[in-house]
Amino acid sequence: MKKWLIILGMITCMMGLTACGAKDQDEADLMSTTDAEQLASSYIGILDSVVSAQDEETYHFLAEYRGEDAAMYDSAFESWKNAMEEIGGIKEVEGVTENTMEVMYIQGQVVPVEGTITVKLLGETHDALLEIMYEKGVATSISTNAIYSFGENMEKAALNTLLGMGTVFVVLILISMIISAFGLIPKIQAKLSQKNKDAAAKTAAVDNTIAQIIEQEELSDDLELVAVIAAAIAASEGASSTDGFVVRSIRRAGNKWQAAGRAGV
């Protein structure tokens, strides 16, 4: 049923271009206002019926079958949907605002050849302009654009300006932050270097502590040896204790230990 409606719309479009007793010739001529309104109304019917039925895909294949630019119709349907969201629906077609369409009259029929037709549509919230362009007898562009007041255009321009400037400022801030971060790199390197130095110092301190412990252990062994030798010297001297002896040096001579010391008071 949808396909029959689409085909019927196309037939209506072609029938609307039939000249009523117009001249029959093969010369290019400017399309009359009446024919321009009929052509625009035919396309309006196609756009509205196809979009309302959400049957754009079917019409896409139909356009390809007829050898037309299917992508152009896809764009036309998208433009129509966006415009309808802005204008809220069509009340009526006010009239033709631009007509540069050249036509050929072939066997009593008006055939668009090349040019542009623009009609004004009165909408519920906004008005709109429907523009139809032909080249070499084929529709190359169909667009529908809502008409905004001066205040609305200025508001949109201001928002676009703010958005653009805001984007620029955000990018500049990010760039300045990145540049500022470059100054932190030497500080980070210095901290890492200091951390490595501290780690090396701690390692050296640990090594020093270990060396001291080993030295103290060796000294402890020497003190035990000194105590034994001092006790032997005290015994040989007939002393009861080693308090009066000071061992100044110990050396080995042959197989015997010899200790040099003196007795103190």
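Residues numbered from 1 in each chain as written. Predicted model: local features only at pLDDT ≥ 70, side-chain atom pairs only at ≥ 80, totals over all residues. Heavy atoms only, no water.

Student: Just to check I follow, could you spell out the overall build of the protein for this structure?
Tutor: The secondary structure content of the protein amounts to 5 helices and 8 strands. Seen in sequence order, the protein has helices and strands lined up from the N terminus as α-β-α-α-α-β-β-β-β-β-α-β-β. For the protein, buried positions account for 25% of its 265 residues. As displayed, the protein has an accessible area near 17800 Å², and 59% of this comes from carbon and sulfur atoms. (Helix = DSSP H or I, 4+ residues; strand = E, 2+ residues; numbered from the N terminus. Buried < 20%, exposed > 50% of the residue type's maximum accessible area, 1.4 Å probe, protein only. Areas by Shrake-Rupley, 256 points an atom, 1.4 Å probe, with all protein chains shown as cover.)

Student: Would you mind showing me how to read the pairing of strand 6 (residues 138-147) here?
Tutor: The side chains of a regular strand alternate, residue by residue, between the two faces of the sheet. One ladder, built from 9 bridges, connects strand 5 (residues 127-135) with strand 6; its direction is antiparallel. Directly across from M133, in strand 6, lies its bridge partner S141. Taking the residues that link successive antiparallel strands as the turn, the strand 5-strand 6 hairpin has 2 residues, and the phi of K136 there is positive, at about 55°. (Pairing = 2+ DSSP bridges.)

Student: Would you take a moment to explain unusual backbone geometry for this structure?
Tutor: When glycine is set aside, most residues are seen to have a negative phi, and most peptide bonds are trans. The phi angle at Q54 is positive, at roughly 50°, despite the residue not being glycine. Among the secondary structure elements, Q54 is positioned in the loop between helix 2 (33-52) and helix 3 (56-65). On the basis of relative accessibility, which here comes to 67%, the residue Q54 falls in the exposed class. Positive phi values are uncommon outside glycine, yet K136 reaches one of about 55°. Along the chain, K136 falls in the loop between strand 5 and strand 6.

Student: Teacher, can you tell me more about the environment of V110 here?
Tutor: Relative to the elements of secondary structure, V110 occurs in strand 4 (residues 109-123). Judged by relative accessible area, V110 falls into the buried class, the value being 3%. V110 sits 78 residues away from S32 along the chain, and the two C-alpha atoms are 9.8 Å apart.

Student: Mind showing me how you'd approach the packing of aromatic side chains here?
Tutor: By the definition in use, this model includes 3 aromatic pairs. Their ring planes at 85° and their centres at 5.4 Å tell us that Y59 and F77 sit as a pair that is edge-to-face. Here F77 lies in helix 4 (residues 70-87) and Y59 lies in helix 3, a separation of 18 residues in the sequence. Residues Y59 and F77 agree in their burial class; the two are buried. (Phe/Tyr/Trp six-rings, centres within 6.5 Å; stacked < 30°, edge-to-face > 60°.)

Student: Whenever I open this one, the nonpolar core confuses me. Can you help?
Tutor: M31, Y43, Y73, L130 and I142 are the most contacted members of the largest nonpolar core, which totals 35 residues. Looking at this core, the elements that each hand over two or more residues are helix 2, helix 3, helix 4, strand 3 (102-106), strand 4, strand 5 and strand 6. L130 has contacts with A40, I44, L47, I117, T118, V119, L121, I142, S143 and T144, leaving out every residue within four places of it along the chain. (Core = buried A, V, L, I, M, F, W, Y, C linked by side-chain atoms within 4.5 Å. Contact = heavy atoms within 4.5 Å.)

Student: Can you help me understand the packing of helix 3 against helix 4 in this one?
Tutor: Each pair of packed helices can be summarised by the angle the axes make with each other and by the distance between the axes. Relative orientation of the contacting elements helix 3 and helix 4 amounts to 150°, with a least axis distance of 8 Å. Between helix 3 and helix 4, the angle falls in the class roughly antiparallel. The handedness of the crossing between helix 3 and helix 4 is right-handed. Along its contact with helix 3, which presents E56, Y59, H60, A63 and E64, the element helix 4 presents A70, A71, Y73, D74, F77 and K81. (Axes fitted to C-alpha atoms, helices over the stretch in contact; angles between N-to-C directions. Parallel < 35°, antiparallel > 145°, perpendicular 65-115°, else oblique. Left-handed = near helix turned anticlockwise from the far one by under 90°.)

Student: I would appreciate a short explanation of the pattern of salt bridges in the present structure.
Tutor: A side chain of one charge can pair with a side chain of the opposite charge if their charged atoms are brought near each other. Per the stated rule, a full pass over the model turns up 4 salt bridges. In this structure, E78 and K81 form a salt bridge, with 3.6 Å as the shortest nitrogen-oxygen distance. Here E78 pairs with K81, and both are found in helix 4, just 3 residues apart, close to one helical turn. The exposure class of E78 is partly exposed, given its relative accessible area of 40%. When the shortest N-O distance is used, the salt bridge between E94 and K120 registers 3.6 Å. One end of the pair, E94, is in strand 2 (residues 90-99); the other, K120, is in strand 4, and 26 residues separate them in sequence. (Salt bridge = Lys/Arg side-chain N within 4 Å of Asp/Glu carboxyl O.)

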